[in-house]
Amino acid sequence: MLDGLADEGFADLWTPVAMSKEVGKAPYGLTLGGARLVLFRDQQGRVSALHDQCPHRGVKLSLGKVGKDGCLECPFHGWRFASDGACTHIPLNPMPEEKRRRYAATTFPVRERGGLLWVYTRPGAEAPDEPSVPSVMEQPGVHVWHYAETWNAHWTRAMENMLDSPHLPFVHRRTIGGPLARRMKPDSKMEMEVHPTPTGFRTTWTLDGGAPAEAYLEWLRPNGMSLNVPIPNRLMRLFMWCVPVDADHTRMMLVSTRDFLKVQPLAALLDRFNKRILREDQAVVESSYPVESPPVSEERSVATDRATLAFRRWYLERKKRGSQEPTAVTEAPTLAS
């Protein structure tokens, strides 16, 4: 295990790390939880993931190139590595294949699904399961738009923000939070519900004892969020993955799916609107202190924090346990209104 991934609570799990369109003919280097990875494609377009560190002298393999045989060549001394990490050639040092096995690069399981590249965060050729990819991202007739940017924030603060519905009428008053803001009164009360699901939990809410909101949020364990946008006879779901780069940076990966407004230029207008909503959150999240979500007792929380506290307890327990299996998601304890 790479220590940085364990430190971020990201040991032994699947996460998207890049958009498919970002990885072309050249190797693509990235940082995940402080660990350097490189993605590259062979001549058939199949993607592989290696630790972005040559076992010879530690230089970045992402500075190298991919040959016609689909092997990644180190830029320093020309060592070549196959998709499974096997060292296939060491220039000026002829040796049999069985001897070269000790010079292999570290591999990570990787999948290409839904326009994203998913990595399992334990080195090795196999993963115990497959990534949980929302089916709508691969559904025929659905417009799928991908976007990514990096924030100066710890991934836990970004993730809690994405699961926090009470901030909508304040941070997003001029966009998606407008309807809720107009319904609020000075003495309004929001009731939160958190329902465990196979992939995390679903959170719903009511205002002043009314009917539950048609919109709902889902946590896609460990670092994903899904927002169902209620539009009569239409499908629209927004997804966000908060991918840890290091202790101070998070890559925000936004995916928009819908079955309408699929033709330009209207599609581009709606996609820019989704980007605007994301940017409304940035300054608030980046201002959070301490940078990483602290233990529950170190901040003052209320009943409407039920969803974010459920995530926080899961994260802190997982981080404490290291690479062991995560505990089940449970609803946060009842808090004062």
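Residues numbered from 1 in each chain as written. Predicted model: local features only at pLDDT ≥ 70, side-chain atom pairs only at ≥ 80, totals over all residues. Heavy atoms only, no water.

With antiparallel pairing, the four strands of this open sheet are ordered in space as β5-β6-β7-β8. Sheet topology places β5 (65–66) and β8 (87–89) at the edges, where each strand pairs with a single neighbour. With two bridges joining them, β5 and strand β6 (residues 72–73) adopt antiparallel strand pairing. By the bridge assignment, V66 is partnered in β6 with L72. (Pairing = 2+ DSSP bridges. Helix = DSSP H or I, 4+ residues; strand = E, 2+ residues; numbered from the N terminus.)

The subject of this paragraph is the packing of aromatic side chains. Under the counting rule described, the total for this entry stands at 13 aromatic pairs. Taking the centre distance of 5.2 Å and the plane angle of 45 degrees together, the rings of F201 and W219 count as tilted. Residue F201 is located in strand β14 (residues 200–207), and its partner W219 is located in strand β15 (residues 216–220); the two are separated by 18 residues in the primary sequence. Judged by its relative accessible area of 0%, F201 falls in the buried class. By the ring-pair criterion, three or more aromatic residues cluster together here, those being F10, W155, F201, W219, F311, W314 and Y315. In this structure, R202 packs its charged tip against the face of Y216, placed 3.9 Å from the ring centre. (Phe/Tyr/Trp six-rings, centres within 6.5 Å; stacked < 30°, edge-to-face > 60°. Buried < 20%, exposed > 50% of the residue type's maximum accessible area, 1.4 Å probe, protein only. Lys NZ or Arg CZ within 6 Å of the ring centre and 35° of its normal.)

Turning our eyes to something else, we now look at helix α7 (residues 306–321). The end-to-end C-alpha separation of α7 is 23 Å, in line with the 22 Å expected for 16 residues at 1.5 Å each. Residues of α7 that are buried include every one of R306, A307, T308, L309, A310, F311, R312, W314, Y315 and R318, and no others. (Expected span 1.5 Å × (residues − 1).)

Scanning the model with the defined rule gives one cavity of 30 Å³ or more in all. Approximately 240 Å³ is the volume found for the largest cavity. For the lining of the largest cavity, the secondary structure elements donating two or more residues are α3 (155–162), β16 (224–228), β17 (236–246) and α6 (266–286). Broken down by element, the lining of the largest cavity gets its largest block of residues, four residues, from α6. Across the lining of the largest cavity, the residue classes break down as 13 nonpolar, five polar and two charged. (1 Å grid on protein atoms, 1.4 Å probe; cavity = no way out; pocket = protein on both sides within 12 Å on 5 of 7 lines; lining within 4 Å. Points joined across faces, edges and corners; volume = space filled by probe spheres on them. Nonpolar A, V, L, I, M, F, W, Y, C, P; charged D, E, K, R; others polar.)

A word on the confidence of the model for the protein chain. Residues of the protein chain with pLDDT of at least 70 account for 94%, and the chain-wide mean is 92. Within the model, the stretch residues 323–337 combines pLDDT values under 50 with 35 contacts to residues more than four positions away or in other chains. (pLDDT = per-residue confidence, 0-100. Contact = heavy atoms within 4.5 Å.)

Right, let's talk about the pattern of salt bridges for a bit. What the rule picks out here adds up to 20 salt bridges. A salt bridge links R80 to D69; the shortest N-O distance between them is 2.7 Å. Here D69 lies in the loop between β5 and β6 and R80 lies in strand β7 (residues 80–81), a separation of eleven residues in the sequence. By relative accessible area, R80 is classed as buried at 13%. Between E292 and K319 there is a salt bridge whose closest N-O contact spans 2.7 Å. Of this pair, E292 sits in the loop between α6 and α7 while K319 sits in helix α7, and the two are 27 residues apart along the sequence. (Salt bridge = Lys/Arg side-chain N within 4 Å of Asp/Glu carboxyl O.)

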